[in-house]
Amino acid sequence: MTDNAWTRWPSREALGHEATTRPRRLLGWVTRSLVLAVLLWGAFNSSHVQGWGVLGAVAGILLSAVVAWALFRTTLAHRLWPSLALFGVLLAIAVAAQAVDFGVVALVLWCGCAITALERLPIAAALPVTVVALALYAAGNDDVWLTTLVTTAGLALAGYVLRLDAEARGNAQRLLNQERAARAAEAESAALGERARITREIHDVLAHSLSAQLVHLEAARLLIEGGADRDQILERVVAARGMARDGLAETRQALAALRGDMTPLEDFLSQLVGTADGAETTISGERRPLPVEASQAVRRVAQEALTNVRKHAPGAKVRMRLEYGEEQVTLVVRDSGGSPGELTTTGGGYGLLGMRERAELLGGSLDAGPDDEGFVVTLKVPV
């Protein structure tokens, strides 16, 4: 753990500008520009350097600015040896500036190297750079030893405080990025869930509508093959057309349900039972709005159960019961049984299987099987 703390780089979020607010970035650029302007002004107004010496001083200051920019890039990329080499270049420029009596430039560069090393390098690499920079500063400073000592200690403390502040901002930025990623993943998951829900609804509507049409069209085919009269055949074709019309209406209802605009479940079941001869419905328990998925599951199971009765036990009486419980809603569709219809062998038989999968996705169950009289379909959906 200690080795990691000594050799660990500050995070890229801490070294970069992403975690820094815009006012703070603006303040940083203003500060750097002012320091550069002061150094250039000092070079042009120096009384002991004239002619080409001024141009050399300006070139040295501009070179220091370029090296400092490169240093920020290499430390951001966590490249240790290039960063140490650039610190060496800055320290050498400061020594040269001190040698030609540009003491202010040298002091600024030494102080900047000491603070920047502590802020942007691993501690194990920053300490030697900071010690060398502060030692050169102490040697080149004309203040009394106590003032120099306090100044060097303050510079070291300032560098370490800036490092802690940058790390705190970097950690906050990482947490923010993680939260954004989690929200994006959650939104994508919700979108995928909504797509799956839409797909399920359209599939169920089309499967019910087309299977019902298939029942009547297959009946029409059998009647034609059996030489039935025109009225019987026409009756089946008209019924298939009615099923197609009903399927279109159900598609519109499904789309309305996806928009959250549905007729009450009790009204829907009453209308559905009204289209079947010998069918009745009862509702018990405290009526209340259901979640969209639960309501749609009840509607689809009721439709599929009635379709199966028409197909396998035509003419049978149907009793449909909807019961509201405290934690679940139960739909029971029971028929009185009868002789198998002529369309018993048609269709793939996947309707109730799809309804069972839908119920299980909601945490419920669907049971279907014969009883003493006929056939019973029982759906239980938690609410």
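Throughout this document, residue positions are counted from 1 along each chain, in the order its sequence is written. The model is predicted, so local features are restricted to residues of pLDDT at least 70 and side-chain atom pairs to those at 80 or more, both for listing and for counting; the totals for chains, interfaces and linings are taken over all residues. Computation of side-chain values: all heavy atoms of the structure, hydrogens and water removed.

(A) Main features of the overall build of the protein chain. For helices the rule is a DSSP run of H or I covering at least 4 residues; for strands it is a run of E covering at least 2, with both sets numbered from the N terminus onward. The helix and strand tally for the protein chain stands at 12 helices and 5 strands. Per-residue burial for the protein chain yields a buried fraction of 38% across its 383 residues. A fraction of 68% describes how many contacts in the protein chain between residues 6 or more apart in sequence connect residues 24 or more apart. Throughout, exposure labels follow a simple rule: accessible area from a 1.4 Å probe, protein chains only, divided by the maximum for the residue type, with under 20% read as buried, over 50% as exposed, and the rest as partly exposed. A contact between two residues is defined here by any heavy atoms of the two lying within 4.5 Å.

(B) Main features of the sheet that holds strand β4 (residues 365-370). Here 5 strands make up an open sheet; going across it, the order is β1-β2-β3-β5-β4 and the pairing mixed. At either end of the open sheet lies a strand with only one pairing partner, and these are β1 (279-284) and β4. Sheet twist, expressed as the average angle between the axes of neighbouring strands with direction ignored, equals 10°. Strands were regarded as paired on the criterion that DSSP finds at least two bridges between them. Pairing analysis gives 6 bridges linking β4 to strand β5 (residues 375-382), with the strands arranged antiparallel. Note that in β5 the partner of Ala368 across the bridge is Val377. Most of the contacts of helix α10 (residues 265-274) go to strand β2 (residues 318-324), to which it runs at about 175°, and overall it touches β1 and β2. An axis is simply a line fitted to the C-alpha atoms; with a helix, the fit covers only the stretch in contact. Between two such axes, the angle follows the N-to-C directions and lies from 0 to 180 degrees. Helix-sheet contacts for helix α11 (residues 292-312) involve β2, β3 (328-335), β4 and β5, and the interaxial angle to β5 is about 175°.

(C) View of the packing of aromatic side chains. Working definition: a ring pair exists when centres of Phe, Tyr or Trp rings (six-membered ring for Trp) sit within 6.5 Å. Plane angles under 30 degrees give stacked, over 60 give edge-to-face, the rest tilted. Counting across every chain of the model gives 0 aromatic pairs. In this scheme, the term charge over a ring applies when either NZ of a lysine or CZ of an arginine sits within 6 Å of the ring centre and within 35 degrees of the ring normal. Over the aromatic face of Phe268 sits the side chain of Arg299, whose NZ or CZ is 5.0 Å from the ring centroid.

(D) Here's a closer look at helix α5 (residues 80-99). For a helix, the expected span equals 1.5 Å multiplied by the residue count minus one. The end-to-end C-alpha distance of α5, which contains 20 residues, comes to 29 Å, matching closely the 28 Å that a straight helix rising 1.5 Å per residue would cover. In the stretch just after α5, Asp101 is the one whose phi turns positive, near 70°.

(E) Representation of the nonpolar core within the structure. Judged by nonpolar contacts, the single largest core of 31 residues is most densely connected at Met320, Leu322, Leu331 and Leu379. Elements represented by at least two residues in this core include exactly α10, α11, β2, β3, α12 (351-361) and β5. Looking at this core element by element, the count peaks at 8 residues for α11. Setting aside chain neighbours within four positions, we find Leu331 in contact with Val298, Val301, Ala302, Met320, Arg321, Leu322, Val377, Thr378 and Leu379. To define a nonpolar core, start from buried Ala, Val, Leu, Ile, Met, Phe, Trp, Tyr and Cys residues and group those joined through side-chain atoms within 4.5 Å.

(F) A look at the packing of α10 against α11. Where α10 contacts α11, the axes come no closer than 11 Å and their chain directions differ by 10°. One element, α10, and the other, α11, form an angle in the roughly parallel class. Of the residues in α11, those touching α10 at Leu265, Phe268, Leu269 and Leu272 are Ser295, Val298, Arg299, Ala302, Gln303 and Leu306. Any residue that is not Ala, Val, Leu, Ile, Met, Phe, Trp, Tyr, Cys, Pro, Asp, Glu, Lys or Arg is counted as polar, Gly included; the first ten are nonpolar and the last four charged. Here the residues of the contact of α10 with α11 sort into 7 nonpolar, 2 polar and 1 charged. For classification purposes, an angle smaller than 35 degrees is called roughly parallel, one larger than 145 roughly antiparallel, one from 65 to 115 roughly perpendicular, and anything else oblique.

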